[in-house]
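Structural overview
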Amino acid sequence: MFEVTIFRDFRPNDYRVYKGRIVIPGYIQDQREELAVRSKLVMARQGLKLIEGACRLELHICRNQNPMKDWFGDGDNFCKWVADALTGIVYRNDAQIMEYHIFKRRGSTPCLGVKVEELVIN
């Protein structure tokens, strides 16, 4: 099982359309890169191998805002950039994710916890 927690405030995807093209702001790229680098370190330190089969992605999102308010961020938007950031590091392709579990809560210490487990499908 892969597991990493980063203690800082992450924001969900905030795409903009400019002249008919989708533009990803720099801070989104930065947080993807941070998650990717930390994930590579965890995989190497724990001797984990790339998941080849079906898997489950679990997110624990903690922010200072009320989770029921719009500005907290949609859970599915968090899932998308996290799944993309872990592609090629934890699993080969994010299409392998068969289950998503998202937990949003308010807390004094912002953090993003990510767990990925391989699933056994009969």
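Here goes a summary of the coordinates provided. Worth saying up front: this structure is predicted, and the values here are computed from it rather than measured. (Residues numbered from 1 in each chain as written. Predicted model: local features only at pLDDT ≥ 70, side-chain atom pairs only at ≥ 80, totals over all residues. Heavy atoms only, no water.)

**Some words on the side chain of glutamate 34**
When you line up the elements, glutamate 34 lands in helix H1 (residues 26–46). Look past the residues within four positions of glutamate 34 in its chain and what remains in contact with it is Ile6, Arg8 and Phe10. (Helix = DSSP H or I, 4+ residues; strand = E, 2+ residues; numbered from the N terminus. Contact = heavy atoms within 4.5 Å.)

**Observations concerning the pairing of strand S4 (residues 55–63)**
Across the 9 residues of S4, 7 count as buried, placing the element largely inside the fold. Both S4 and strand S5 (residues 97–106) contribute to a ladder of 9 bridges, which runs parallel. Of the residues in S5, the one forming a bridge with glutamate 58 is histidine 101. Examined bridge by bridge, S4 and strand S6 (residues 111–118) share 8 bridges and lie antiparallel to one another. Bridge assignment links leucine 57 to a residue of S6, and that residue is valine 116. (Buried < 20%, exposed > 50% of the residue type's maximum accessible area, 1.4 Å probe, protein only. Pairing = 2+ DSSP bridges.)

**Structural notes on the nonpolar core**
In this structure, Leu86, Val114 and Val116 are the most contacted members of the largest nonpolar core, which totals 28 residues. Those elements that provide at least two residues to this core are strand S1 (2–6), H1, S4, helix H2 (75–86) and S6. Element by element, the count of residues in this core is highest for H2, at 7 residues. When near neighbours in sequence (up to four residues on either side) are disregarded, valine 114 contacts Phe2, Glu3, Val4, Leu35, Leu57, Glu58, Leu59, Val82 and Leu86. (Core = buried A, V, L, I, M, F, W, Y, C linked by side-chain atoms within 4.5 Å.)

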